[in-house]
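# Examination of the molecular architecture
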Amino acid sequence: MTSLQPSLSLAGSVDTGSPDLSPVVASAASGWAWARLAFQAGGLLLCVLIWHVLASHRVPLGVITFANVPPPAEVLATAWDLAQSPKLGQHLYSSLLRIFFGFGLAALFGIGLGLLIGRLRWAHDGLLPPLEVLRPIPAVAWIPLSILMFPSSEGSMIFITFIGALFPILLNTIHGVEGVSPRLIASARSLGCGRWSLFTEVIAPGAAPSIVTGLSIGMGTCWFCLVTAEMISGQFGIGYYTWESYTVQNYAAIVVGMLVIGALGMGSSALINRFGKLLMPWYQPQGGRS
Amino acid sequence: MSSPASAATLGHIDIDHLHIHLGEPGQSLEVVHNVSFTVAAGEFVCLLGPSGCGKSTLLGALAGHLVPSHGSIRVDGLPISGPHPERALVFQQHTLFPWKRVVDNVAFGLKMKGVARDQRQRQAHDLLNLVGLEGFENHYPAQLSGGMQQRVEIARVLINYPRVMLMDEPFGALDAQTRLMMQEHLLEVWSRIRTSIVFITHDIDEALFLADRILVMSPRPGRIIDERRLGFGRPRDGSLVTSARFIELKRHCLELLHPGGKHPAYLERLSPLGKVPANASSFSV
Ligand SMILES: Nc1ncnc2c1ncn2[C@@H]1O[C@H](COP(=O)(O)OP(=O)(O)OP(=O)(O)O)[C@@H](O)[C@H]1O
Ligand SMILES: [Mg+2]
C-alpha cells in the first residue's frame, strides 16, 4: 500500500523529484524506443518480403498455392488507382454508415439492457432467458432470415451488424454491473444516494471498464458481420468491393479490400480505446509485459 | 465548521430486544440474539467481539441496510426505515468512488442533496482541511495511502453532519503506526464535530483507547455479554495505554474474548454487506 508513487499519467501533479537526472534517463529511454520501433518495422518488412517472394514465383506448396496471389507491387498499384477513383468514397461511406447505425444501436441497447439486467431482479429474470436463447446463434446465421424480414437490404445489413455487436456489449455490461462492490453501493446509499442516482453515480461508472471492453470486442464482431453481410447482399461497401473483385477476377483488388477492412477495423478499435481513456482517466489496467 | 465542542443533543440510539437472521428463508441463521443497549447522544461506544459473531450485521441493521427479524432500533425516538445520511457508515477500506477525485468524493453527500456545485466544493475543501488533506483535492483515491483514504472516508460522511457514525473496523487494514495516528486523529475530529459513534473493532487496545464505553459480544449468535464504562479522561494520549487501569481492563477483555486462552472455532467468512475485496492492494497505484 505505498502512496504517491511518482509514476503514471493519472495526475501529472505528482512531483517526480530529482530533475537533474531526468535528461539522461529520457535520452536513454528514447534510444530504446527507436530500437524497438526499428525492430517492429523490420518484422513487418520481412513479412512483405516473404509475400513478394512467394507470390512473384507463384510457389505451389501442394495444399496451398500462390499461383493466383498478386504480389505486393501490383496490390500497391491497384490501391493507388482505387484511392484516385470516386468509388472508394462511396464504398467507405456505405460501410461506415452501416457500422455507425448497427454499432450505435447495439451500444444503446446493450448498455441499457445490461445495466437493468445486472441490477434489477425482474429484468434479470424476465429479459435474460430470451436473450440467452438467441445468444449462441452466430450473427451470420441471421442473414437469410433478416433478408426476409427487412424490405431493404440496407436494413438487413444494419440488423446483422447490430446483432453481432449486441451480445459482447450486453454481456460485458452485465458482468461489470455485477462486479460493483456491495460495500460501495451500501456506502453510496448511506450517503443519501437514491435508487436512480445509484445508476448514474455508482453502477455505470463502476461498470465502465467492463463496458469499454465490451464495446471494443463488439466493434470487432461488428466489422466481421458487416463484411459478411455486404458480400451477400451489398450494393456498395468495402465487403462488397472485395467480393466483387473476386467475381470479376481482379485479384489485386481483393487484397486491397482486405487491407482496407483491416485498417478500418483497427481505426475504429483505436477510437474506442481513445474514448475509454477519455472517459476513465482514473482507470489503470493491471499488469504488463516484460 | 459549525459548533465547537458543544455537547451533542441528537444521536440517541435505542436498541431493544433485537434479533437478526441471515441467509435464505428456510435455512436462515440467527446471527444476532436478543441484543438491547442504548447509546447516549454524543457518546463513543466500541463494540468488541470474536470474528463472525455478528458485529457487522448489527451495524448493517443500524445503518438501515438489513432488516431485523424481531425487536426495534430507534434513533432519537424514531424507528429506522432504511439508509439515511444522518447515520453515516464507514467501512474498512475501498469504498471511496475510484472514479471521483478526492474533492468530489467528499462532496458526494451534498450532491445527492442537490447543493450547487460551487458551494459543495467549498464545503468539501473545508472538511479536507479539517482532516489534514489540503492539497490533495484533485487526486484520485488510488493515489492516496491507506491512512489518507480513511481520512477522506471520514470527511465524506462528516459533510452530511450525521447524528451517528457507524464505523466497521475502519482502521483494520492500516499498519500499526498509521492506525495509532488515525485513532488520535479521529478523536481530534470528533472533539470538534460531535456525533454519537458506534465503532467496531477486533483490537482491544483500540477499543479502550477510543471509547467512553465498551460492549463485548459473544460468539455467534451474538449477544452482549459485558458492558463497561471506561472513565478515562479526555483528551487522551499514548501514555494512557500503559496505565494500570488500562492494563487491567485489557486483561479482563482478553479473558472474555478468549476464555482460558482458547481461540473460538473458525466460522465461514460470509458477510452481510459484502467482503473487503481480496485483491485489496490492487487499488493502490
Ligand atoms: N449472507 C449471509 N448468509 C448467511 N450467513 C451469513 C451471511 N452473512 C454473514 N453470515 C454469517 O453471519 C455471521 C456474522 O457475520 P458478520 O459479518 O456480522 O460478523 P462480524 O462479527 O462482523 O465478523 P468479523 O469480525 O469477521 O468482521 C457470520 O458467522 C457469517 O458466517
Ligand atoms: Mg465484520
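Residues numbered from 1 in each chain as written. Chains lettered and ligands numbered in written order. Predicted model: local features only at pLDDT ≥ 70, side-chain atom pairs only at ≥ 80, totals over all residues. Heavy atoms only, no water.

Quick look at the overall build of chain B now. Within chain B one finds seven helices and 10 strands. For 285 residues, the compact-globule estimate of 2.2 N^0.38 gives 19 Å, and chain B sits close to it at 19 Å. Counting only C-alpha atoms, chain B reaches 55 × 50 × 40 Å along its principal axes. Within chain B, the fraction of its 285 residues that count as buried is 52%. Within chain B, residue pairs in contact and separated by at least 24 positions form 71% of the contacts whose partners lie at least 6 positions apart. Taken as two groups, the 29 positive and 28 negative side-chain charges of chain B have centres that lie 2 Å from each other. (Helix = DSSP H or I, 4+ residues; strand = E, 2+ residues; numbered from the N terminus. Rg over C-alpha atoms; globule rule 2.2 N^0.38 Å. Buried < 20%, exposed > 50% of the residue type's maximum accessible area, 1.4 Å probe, protein only. Contact = heavy atoms within 4.5 Å. Lys, Arg positive; Asp, Glu negative; His and termini not counted. Charge placed at Lys NZ, Arg CZ, Asp CG, Glu CD.)

Membership of the largest hydrophobic core comes to 121 residues, with the highest contact counts inside it found for F103 and V202 of chain A together with F44 and F199 of chain B. The biggest single contributor to this core is helix α8 (residues 195-233) of chain A, with 16 residues. Apart from residues lying up to four places away in sequence, V202 of chain A is in contact with V180, L184, I185, A188 and S197 of chain A together with F97 and W99 of chain B. If you look at the next biggest cluster of nonpolar residues, it comprises 29 residues, including V32, V35, L62 and F91 of chain B. (Core = buried A, V, L, I, M, F, W, Y, C linked by side-chain atoms within 4.5 Å.)

Residue and element names in this part refer to chain B. Taken together, the neighbourhood of ligand 1 is formed by 19 residues, with S51, K55, S56, T57 and R220 sitting nearest. S51 places a polar side-chain atom, nitrogen or oxygen, 2.6 Å from an oxygen atom of ligand 1. Take H202: an N or O atom from its side chain is 2.9 Å from an oxygen atom of ligand 1. Contact with the protein chains removes 89% of the 640 Å² of surface that ligand 1 exposes when unbound. The dominant element in the shell around ligand 1, judged by the number of residues it contributes, is helix α1 (residues 55-63), at three residues. When grouped by side-chain class, the residues that make up the shell around ligand 1 number six nonpolar, eight polar and five charged. (Near = heavy atom within 4 Å. Polar contact = N/O pair within 3.5 Å; in protein donor to acceptor, adjacent residues only side chain to side chain. Areas by Shrake-Rupley, 256 points an atom, 1.4 Å probe, with all protein chains shown as cover. Nonpolar A, V, L, I, M, F, W, Y, C, P; charged D, E, K, R; others polar.)

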